[in-house]
Amino acid sequence: MGQFITFEGIEGSGKTTQIRMAGKYLKRHHIPFLITSEPGGTPLGRKIRKILLNRDSYGICAEAEVLLFSAARVQHVRDVISPALSEGKTVLCDRFSDSTLVYQGLGRGLDHDFIKGLNDFTSAGLKPDLTIVFDLPIEIGLRRAMERMRLAVSAAPDRFEGEDLEFHRKIREGYLLLAKQEPERFRIIDSAKDVISINREVCSYLKGIYARKT
Ligand code: T5A
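What comes next is a walk through the structure.

Cut-offs used in this document
Residues numbered from 1 in each chain as written. Predicted model: local features only at pLDDT ≥ 70, side-chain atom pairs only at ≥ 80, totals over all residues. Heavy atoms only, no water. Pairing = 2+ DSSP bridges. Helix = DSSP H or I, 4+ residues; strand = E, 2+ residues; numbered from the N terminus. Axes fitted to C-alpha atoms, helices over the stretch in contact; angles between N-to-C directions. Contact = heavy atoms within 4.5 Å. Phe/Tyr/Trp six-rings, centres within 6.5 Å; stacked < 30°, edge-to-face > 60°. Buried < 20%, exposed > 50% of the residue type's maximum accessible area, 1.4 Å probe, protein only. Lys NZ or Arg CZ within 6 Å of the ring centre and 35° of its normal. Near = heavy atom within 4 Å. Polar contact = N/O pair within 3.5 Å; in protein donor to acceptor, adjacent residues only side chain to side chain. Areas by Shrake-Rupley, 256 points an atom, 1.4 Å probe, with all protein chains shown as cover. Salt bridge = Lys/Arg side-chain N within 4 Å of Asp/Glu carboxyl O.

Our focus in this paragraph is the sheet that holds strand β4 (residues 130–135). Spatially, the 5 strands line up as an open sheet ordered β2-β3-β1-β4-β5, and their pairing is parallel. Every other strand in the sheet has two partners, leaving β2 (33–37) and β5 (186–190) as the edge strands with one partner each. Here the average twist between neighbouring strands, direction ignored, is 20 degrees. Relative to β4, strand β1 (residues 4–9) runs parallel, the two being bridged by 5 bridges. Bridge assignment links I5 to a residue of β4, and that residue is L130. Strand contacts of helix α4 (residues 97–107): β1, β4 and β5, with the helix running at about 25 degrees to β1, the strand carrying the most contacts.

One can find S70 in helix α3 (residues 62–86). With near-sequence residues (within four places) excluded, S70 lies in contact with L118 and T122.

Any two aromatic rings considered together are summarised by their centre-to-centre distance and by the angle between their planes. The tally for this structure, following the rule as stated, stands at 5 aromatic pairs. Their ring planes at 25 degrees and their centres at 5.5 Å tell us that F7 and F134 sit as a pair that is stacked. Of this pair, F7 sits in strand β1 while F134 is found in strand β4, placing the two residues 127 residues apart along the sequence. Judged by its relative accessible area of 0%, F7 is buried. Residue class for F134 comes out buried when judged on its relative accessible area of 1%. R73 extends its terminal NZ or CZ atom over the ring of F96, reaching a point 5.2 Å from the ring centre.

Further remarks concern the site of the ligand. Lining the immediate environment of the ligand, one finds 26 residues, of which T16, T17, R95, T100 and R148 sit closest. Residue R49 places a side-chain N or O atom 2.7 Å away from an oxygen atom belonging to the ligand. Contacts to the ligand include R144, whose side-chain N or O atom sits 3.2 Å from a nitrogen atom. Contact with the protein chains removes 84% of the 1000 Å² of surface that the ligand exposes when unbound. Contributions of two or more residues to the shell around the ligand are made by α1 (15–28), α2 (43–53), α3, α4, α6 (138–151) and α8 (195–213). For the shell around the ligand, the leading source of residues is α4, giving 4 residues.

A few words now on the pattern of salt bridges. Inspection of every chain in the model, using the stated rule, returns 15 salt bridges. Put simply, R159 and E65 hold a salt bridge, and the shortest N to O gap is 2.8 Å. Taken as a pair, R159 in the loop between α6 and α7 (165–181) and E65 in helix α3 lie far apart in primary sequence, 94 residues in all. Take R159 and E65: they sit in the same class, and that class is buried. A salt bridge links R148 to E161; its shortest N-O distance comes to 3.4 Å. With R148 in helix α6 and E161 in the loop between α6 and α7, the pair connects residues that are 13 residues apart, well separated along the chain.

Moving on, we get to unusual backbone geometry. A cis amide bond links E38 with the next residue in sequence, P39, at an omega value of -10 degrees. With respect to the helices, strands and loops of the structure, P39 is situated in the loop between β2 and α2. The backbone of H30 sits at a positive phi, close to 55 degrees, despite the residue not being glycine. H30 sits in the exposed class, given a relative accessible area of 72%. Notably, R95 is not glycine yet its phi reads approximately 75 degrees, a positive angle. Turning to its location among the elements, R95 is positioned in the loop between β3 (90–94) and α4. Residue classification places R95 among the buried residues on the basis of a relative accessible area of 12%.

Structural data, given as structure tokens:
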């Protein structure tokens, strides 16, 4: 089985930037890998992503939201993640079930144990070997996300980016809490640093996980 590594954090925390750089590191070391993301990763996931992120979908209630993320995950695990792991590939995934725990649990206020049970069902018990949380003040993360949007010219904040600061604060605190509860799985990186320093830290954690394997 390959290694399953997830990248988590608030909006604009730099996950996408770092997952690409981590892929380059694995390539240099001839480690077969797959980069994927949630919600997305499959044709169904991409359709669900559009519904969930679109600002016009403001009427979606928390219960429907969690089920849509879960539907996308089931398909993603069955069709993409599990087969790649079975082939011995390392899977780098931008967000996974911890996102549901913090966004729909702490952010939307749904029951933690219910989401845990749902996560076990959707991921068929699959747990990341390593989860890296990119942590930074929410104001910096949101500023980066807005700046990226400004450069893209036509884009507008999505349904989650448009939430108030209190929502984003809960998400940040939620990740730090999860990391405290499972210190052996989680690593926290200060994502306010520059891209290269963060990448160095990510690579050191990747190195650690392969050293543990041999
Ligand atoms: N969601 C998801 C749930 O509610 N429940 C779930 O179960 C799941 C799976 C997904 C949304 O769905 C929610 C969470 C999310 O709100 P998304 O579009 O996939 O939305 O967005 P995010 O995952 O939030 O990712 P973002 O694209 O907003 O941010 P990233 O990927 O963390 O950041 P990145 O790398 O794109 O960087 C943002 C900008 O900052 C710059 C980059 O160049 C870019 O412009 N940057 C830096 N600038 C300075 N210093 C650094 N160190 C930098 N690193 C990156």
